[in-house]
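# Structural overview for review
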Amino acid sequence: MTAADLLAVVMVLGLTAYALTGGADFGGGVWDLLARGRDAADQRRLVSAALGPIWEANHVWLIFVVVMMFSGFPEAFGIVGSTLEIPLICALAGIVLRGAAYVYRAYGSGAAGPDHWWGHVFAVSSAITPVALGVAGAALVTGDVAEGAPLTPVTSAFGIVCGVFALAATAFLAAVYLCRDAAASPETEHLVPGLRRRALGSAVACGLLAAVLLPLLWSEAPVVADRFADRSVPFVVLSAIGGVTSLVALWQHRFTAARVTAGIAVAGVLWGWAAAQYPDLVVGRATVDSAAAPEANIVAMLIAVCCGLVVLVPSLWMLFRLFANPEPEAEAEARS
Amino acid sequence: MVQAAEVLSHVAALAQTGDLNPASATSTGLARGQTAISLAFHICFAVFGVGMPWLLLYVEGRWVRTRDPVWLALTRKWSRAFAVLFAVGAVSGTALSFEFGLLWPAFMARYGGVLGLSFTLEGFAFFTEAIFIGMYLYGWKRLSPRAHWLTLWPIAIAGTFSTLFIITANAWMNTPGHVTEVDGKVVSAEPFAPFLAATAPHQLIHMLLAAMMCTGGIVAGVYAVGMLRGRRDAYHQRGLRIGLTVLLVCAPLQLIVGDWAARVVGNEQPIKLAAMEGLGHTTTHAPLTLGGIYDEQTGEVRHGIEIPNLLSLMQGFSADKEIIGLAAVPPEERPNALLVHLAFNVMVGLGMALIALSAAVGFVVLLRRRRGQRPLVPTGRPWLWAAAASGPASVLAMMAGWEVTEGGRQPWIVYGRMRVDEAVTTSSGMPAIFTGTVLLYLGLATALILILRRMATGGPELGGSVGEATRAPDIPDARPAPDQQAPNLPASASAGDGSGNGTGTDPSGREEDTR
Ligand code: HDD
Ligand code: HEM
Ligand code: HEM
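Residues numbered from 1 in each chain as written. Chains lettered and ligands numbered in written order. Predicted model: local features only at pLDDT ≥ 70, side-chain atom pairs only at ≥ 80, totals over all residues. Heavy atoms only, no water.

### Overview of the overall build of chain B
This is how it is decided: Numbering of helices and strands runs from the N terminus, with a helix taken as a DSSP run of H or I at least four residues long and a strand as a DSSP run of E at least two residues long. With a 1.4 Å probe rolled over the protein chains alone, any residue whose accessible area is under 20% of its type maximum counts as buried; one over 50% counts as exposed, and the rest are partly exposed.
Counting its secondary structure elements, chain B contains 19 helices and eight strands. When the 515 residues of chain B are sorted by exposure, 57% land in the buried category.

### Topic: the environment of P234 of chain A
Take P234 of chain A: it is sitting in helix α11 (residues 233-251). Judged by relative accessible area, P234 of chain A falls into the exposed class, the value being 54%.

### Notes on the site of ligand 3
Residues and elements named next belong to chain B. As a reminder of what qualifies: For this description, a residue counts as near a given molecule or strand if any of its non-hydrogen atoms is within 4 Å of it. The definition of a polar contact used here is a pair of N or O atoms within 3.5 Å, where within protein one atom must be able to donate a hydrogen and the other to accept one, and adjacent residues in sequence count solely through side-chain atom pairs.
Residues in contact with ligand 3 amount to 21 residues; listed here are only the nearest, R32, L39, E406, R409 and Q410. With respect to ligand 3, the side chain of N170 contributes an N or O atom lying 3.4 Å from a nitrogen atom. Residue Q410 places a side-chain N or O atom 2.9 Å away from an oxygen atom belonging to ligand 3. Among the elements of the structure, α2 (22-66), α7 (152-174), α14 (381-407) and β7 (412-414) are those that each provide at least two residues to the shell around ligand 3. Broken down by element, the residue count for the shell around ligand 3 peaks at five residues, all from α2.

### Focus: the interface of chain B and chain A
Going by this rule: Here, residues are in contact when the closest pair of their heavy atoms is within 4.5 Å. Accessible surface is computed with a 1.4 Å probe, and the buried area is the amount of it that two parts give up when combined, taken over both parts together. Here, a salt bridge means any Lys or Arg side-chain nitrogen found within 4 Å of an Asp or Glu carboxyl oxygen. Three categories are distinguished: nonpolar for Ala, Val, Leu, Ile, Met, Phe, Trp, Tyr, Cys and Pro, charged for Asp, Glu, Lys and Arg, and polar for the others, with Gly belonging to the last.
Listed as interface residues are 73 residues of chain B and, on the opposing side, 72 residues of chain A. Of the roughly 6600 Å² buried between chain B and chain A, counting both surfaces, carbon and sulfur atoms make up 72%. When residues of chain B are sorted by the area they lose upon contact with chain A, F98, F127 and R142 of chain B head the list and together hold 12% of the total. Where chain B meets chain A, there are zero salt bridges. Here chain B and chain A share three residue pairs in polar contact (both at pLDDT 80 or more) between them. Those elements that place two or more of their residues in the side of chain B that touches chain A are α3 (69-103), α4 (105-111), α5 (116-138), β2 (185-189), α16 (430-457), α17 (466-471) and α19 (507-510) of chain B. Ranked by residues supplied to the side of chain B that touches chain A, first place goes to α5 of chain B with 18 residues. Counted by class, the side of chain B that touches chain A contains 45 nonpolar, 15 polar and 13 charged residues.

### Remarks on the coordination of the iron atom of ligand 1
Residues and elements named next belong to chain B. Defined as follows: The donor set comprises N, O and S atoms within 2.8 Å of the metal, extended to 3.2 Å for Na, K and Ca; water molecules are omitted, so apparent gaps in a site may simply reflect that omission. Every angle between 85 and 135 degrees makes a four-donor site tetrahedral, while opposite donors more than 155 degrees apart, with all other angles between 65 and 115, make a four-donor site square planar and a six-donor site octahedral; other sites are irregular.
At 2.0 to 2.3 Å from the iron atom of ligand 1 lie its protein donor atoms, namely H206 (NE2) and M347 (SD). Classification of the site at the iron atom of ligand 1 rests on its six donor atoms, whose angles at the metal span 82 to 179°, yielding the label octahedral. Remark: M347 occurs in helix α13 (residues 337-371) and H206 occurs in helix α9 (residues 200-228); sequence separation between them is 141 residues. Given a relative accessible area of 17%, M347 falls into the buried group.

### Some remarks on the packing of aromatic side chains
Residue and element names in this part refer to chain A. Note the following rule: Any Phe, Tyr or Trp ring, taking Trp's six-membered ring, that has another such ring centre within 6.5 Å forms a pair; planes under 30 degrees apart are called stacked, those over 60 apart edge-to-face, and the others tilted. Criterion for a charge above a ring: Lys NZ or Arg CZ within 6 Å of the ring centre, and within 35 degrees of the ring normal.
Summed over all chains, the structure comprises 24 aromatic pairs over all chains. Taken together, a centroid distance of 5.7 Å and an interplanar angle of 85° make the contact between W61 and F64 edge-to-face. Residue W61 and its partner F64 are both found in helix α3 (residues 55-72); the two are separated by three residues, about one turn of the helix. The same class applies to W61 and to F64, which are both buried. When the ring centre of F26 is taken as origin, the NZ or CZ atom of R98, which lies over that ring, is 4.4 Å away. The ring of W251 carries the charged tip of R196 above its face, separated from the ring centre by 4.5 Å.

### Here's the deal with the nonpolar core
Quick reminder of the rule: By nonpolar core is meant a set of buried Ala, Val, Leu, Ile, Met, Phe, Trp, Tyr and Cys residues that side-chain atoms within 4.5 Å join together.
If you look at the biggest cluster of nonpolar residues, it comprises 181 residues, and the most contacted ones within it are F73 and Y104 of chain A together with W78, F107 and L240 of chain B. Broken down by element, the residue count for this core peaks at 21 residues, all from α3 of chain B.

### A closer look at the site of ligand 1
Residue and element names in this part refer to chain B. If you check the shell around ligand 1, you find 25 residues, and the closest are H202, H206, K272, M347 and M398. One of the side-chain nitrogen or oxygen atoms of K272 is found 2.9 Å away from an oxygen atom of ligand 1. Contacts to ligand 1 include T405, whose side-chain N or O atom sits 3.2 Å from an oxygen atom. Residue assignment for the shell around ligand 1 shows that the elements contributing at least two residues are α9, α10 (234-268), α11 (270-277), α13 and α14. Among the elements that make up the shell around ligand 1, the one with the highest residue count is α10 (seven residues). Residue composition of the shell around ligand 1, by class: 14 nonpolar, nine polar and two charged.

### Considering the coordination of the iron atom of ligand 2
Under ideal tetrahedral coordination, the four donors around a metal are separated by 109.5 degrees; under ideal octahedral coordination, the six donors are separated by 90 or 180 degrees. A lone protein donor contacts the iron atom of ligand 2, and this donor is H42 of chain B (NE2), found at 2.1 Å. The topology assignment puts H42 of chain B in helix α2.

### A closer look at the side chain of R238 of chain B
Among the structural elements, R238 of chain B can be located in helix α10. Among all residues touching R238 of chain B, those that are not within four sequence positions of it are D68, V70, W71 and L74 of chain B.

### Observations concerning the confidence of the model for chain B
Caution is warranted with low-pLDDT regions, since their predicted coordinates should not be read in detail. Residue and element names in this part refer to chain B. To keep things clear, this is the line we draw: Per-residue confidence from the prediction method is given by pLDDT, with values spanning 0 to 100.
For chain B, per-residue confidence averages 78 on the pLDDT scale, and 83% of positions sit at 70 or higher. Long-range and interchain partners of residues 1-23, a stretch whose pLDDT sits below 50, account for 14 contacts in this model, where long-range means more than four residues apart. Note on residues 462-515: pLDDT under 50 across the span, and 109 contacts to partners over four residues away in sequence or across chains. Here the predicted complex scores 0.82 on pTM and 0.82 on ipTM.

### Considerations on the packing of α9 of chain B against α14 of chain B
Two quantities define a packed helix pair, namely the angle between the axes and the distance from one axis to the other. Residue and element names in this part refer to chain B. This is how the line gets drawn: A fitted line through C-alpha atoms serves as each axis, taken over the contacting stretch for helices, and the angle formed by two N-to-C directions is quoted from 0 to 180°. An angle below 35 degrees is read as roughly parallel, one above 145 as roughly antiparallel, one from 65 to 115 as roughly perpendicular, and any other as oblique. Here is the rule for handedness: rotate from the far helix to the near one, and if that takes an anticlockwise turn smaller than a right angle the crossing is left-handed, while a clockwise turn gives right-handed.
Where α9 meets α14, the axes come as close as 7 Å, and the angle between the chain directions of the two elements is 150°. Judged on the interaxial angle alone, α14 and α9 are roughly antiparallel. Considering only the axes of α9 and α14, their crossing is left-handed. Residues of the contact of α9 with α14, tallied by class, amount to 18 nonpolar, seven polar and one charged.

### Examining the pattern of salt bridges
Throughout the structure, instances matching the rule amount to six salt bridges over all chains. With a shortest N-O distance of 2.8 Å, R227 of chain A and D280 of chain A are connected by a salt bridge. In this pair, R227 of chain A is assigned in helix α10 (residues 222-231) and D280 of chain A in strand β1 (residues 280-282), connecting sequence segments 53 residues apart. The two residues R227 of chain A and D280 of chain A agree in class, both being buried. R263 of chain B is the partner of D259 of chain B in a salt bridge, and the nearest nitrogen-oxygen pair spans 2.7 Å. Within this pair, D259 of chain B and its partner R263 of chain B are both found in helix α10, separated by four residues, close to a single helical turn.

### A closer look at the packing of helix α14 (residues 295-322) of chain A against α5 of chain B
Direction vectors running N to C along α14 of chain A and α5 of chain B enclose 5°, while the axes themselves pass 10 Å from each other. In this view, α14 of chain A runs roughly parallel relative to α5 of chain B, as classed from their interaxial angle. Looking at the contact of α14 of chain A with α5 of chain B, its residues break down into 18 nonpolar, six polar and no charged.

### Examining the environment of Q203 of chain B
All names here are of chain B. Position of Q203 among the secondary structure elements: in helix α9. Separated by 58 residues in the primary sequence, Q203 and A261 place their C-alpha atoms 7.2 Å from one another. Filtering out sequence-adjacent residues up to four positions away, Q203 remains in contact with I167, N170, A171, N174, W402 and T405.

See the structure below:
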């Protein structure tokens, strides 16, 4: 295994972390968008409270992956930058608007337009981003990219289905995660049945989309499809088991277990893809080897990553522990 | 020596102009414009990400020790503003990291690896900052006051380090070294190349001081305006005092670092120095020209004030020091000296004005202390106006400084190695992308200004009810000091939201109806 391979593994792990944390945040926005009926306001509040302390940290995983990509595989980043402009710009606009709208709603007190406008901006941009990122990912799989043909990635059927699949996966994660948040406090417990239904619905959607996706993979991206059949079956099985188990766990009100298994379901898909993609970064254009920066730089980056993790892991652990349970409202009041 | 270089670069330039079609020229212009706008937008928020945590460390530290509600009120107000500024800084920064690839694909493809270490470490600095900001903003009820205060340390340190890392990347673009290239491909690069760049030390310190000055100046300005409107309570006085102190201590230091910077630039990027000073022709006994407009035709500055010999003296401590002029390189390798000279003068002029303010305030403070007068900081109307102007002046000086650094590097994206027009995207979509970016940023900036204005005019928040806190996620009021008393503030302010406080708008009351 070369240093570049190792860096690619680090990137995949970073991407997994982003999908499981940041992805779920986008999914939260999707449920904000789809919130209807009597409980809509409560549900939006639940989403907002769950996002508050963690979304900025979750979001840095994306920056981490982008930075790894342009520092470790600069040539691939050059290709991506000059061929995938449309999906990337949509993702960017989504990211910028989502973040800004979230804080504007939380802190704006109506100074810059009614809060619920920002709420809608937040919800819509949350839904756009995973689709755009899914489309961009699909283009790396097919290798169907060319300078001067910016529309190719967004008009490919495979790309669009991948985008929608990404959206459904984030929605699934968010619904599962939110079940635990909702169940943790008596004020929000009544939201659990609705969220469970949503988790089930999005899981079914993911399954159906996957069924459409597989034949498309064979017709649109034969190179990756062959390697997929060779290498990715274990991951797919892992993913399917994870998905089913998480639904069972939800049904039995074992929300923590449901979170873990839902995470495995999504990670399995990503790993299956990564295994089939290797050694290509952009199929037909750049491989891990051909696009790699000089070895010494990659080694330095890997060392920096290790040192960084020493700071990062305990900090993240503290963050999630601190906010694992709902506000200790009653205690705080009792004490003061 | 110079001539040989001239001939060589002439040849290079001729080879270049062949493929310079109009389409790529406009797309270069648009890409440059977009980079400049995005960076300027980002830096306006990033400076608060660097400066604000240090100020918060001070005010919240005072609150933890004294439990004085005025310190708490300052902490609460600033942490709310910081929350918004940080989030906008974070998303605009994310946009930048994508944009580098979208706008300058060839630059990233060739040099991304060289900058790898800087950006990787930068990524971890962001992580640390974002994680602890989550704890800080949302952890008021879950952490003890002391632990809460402690979470500011990693934020402040990481913010400062993120400046370090990003500036090394920029410094390397200005003075690239420690990298070997063959046929336009990097074959070996020392991992620490960006950290070894000749301009890195002064750029870093200059930028950190600038960040502190901008934060201090804006904070001081907000409270100065409040006081001009008649709110002269302890809350406003302390806010003003802290902001002004930071600004005025950094201003003289900035001059020292700036002078150092100019000497390094003179050595490493002589053409940039020539553009800064509007020096057309290489000469000894070079004068320093203040103000004026550089005329490309004659290579002279019109309407400027010339101080004979000074530039040579400042650069080499001797009037015989030869200073290279713009004419030493062919025209297409010269930066836009009109703009760079102007920007440089704006920065130095504003810097000098702030130093003068610093000296004047320092003098008055000493005088008042000797006479035993309080408060020490003068609060007459002219002083307050000056304080109010100091924030925008610092920000303007910083922007001008970046125009000097980046504009003075032109036409190179990586000095002497890669030209901007080689690096740029060939996308035909640039006009649309550019328009979209401008509109998006304009909209976000307008909304942000409205929100910050509301925050700034909303008055201090003291003793708001816990019920509000659960909705606006961060309000740090769960642990009011047990002995909280009506502080030294207008009575209406302590009622919870400042509704009687000047503007009459009431932020917290509105939150109900929109959920
Ligand atoms: C509050 C803002 C501020 C103030 C008051 C000053 N500067 Fe500055 N200056 C900056 C903010 C700044 C900056 C925005 O931070 C720059 C841009 C790049 C950099 O590293 O710092 C900069 C760059 C910069 C450069 C170019 C460095 C390079 O390209 O490597 C020089 C020579 C100076 N400055 C010199 C001065 C002098 C002589 C000042 C006299 C008072 C001064 N600056 C005040
Ligand atoms: C002098 C230049 C710069 C300084 C001082 C600076 C500083 C900072 C700081 C302090 C933050 C933390 C967020 C905040 O507080 O607003 C930040 C965020 C960010 N910056 Fe910059 N930055 C600079 C330029 C750049 C450039 C050129 C890039 C991209 C190539 C960039 C990318 C980012 C990113 C991705 C974030 C978001 C991190 C997060 O989510 O927390 N910055 N920057
Ligand atoms: C944050 C403060 C910064 C500001 C306000 C700023 C400003 C500018 C401006 C005005 C330009 C356009 C120059 C011209 O066309 O005349 C520019 C170009 C550019 N800057 Fe900066 N800059 C900043 C920091 C950085 C940093 C830290 C980096 C790299 C890590 C960077 C990378 C670039 C690149 C790649 C370009 C485009 C190529 C070029 O025109 O030279 N900038 N910037």
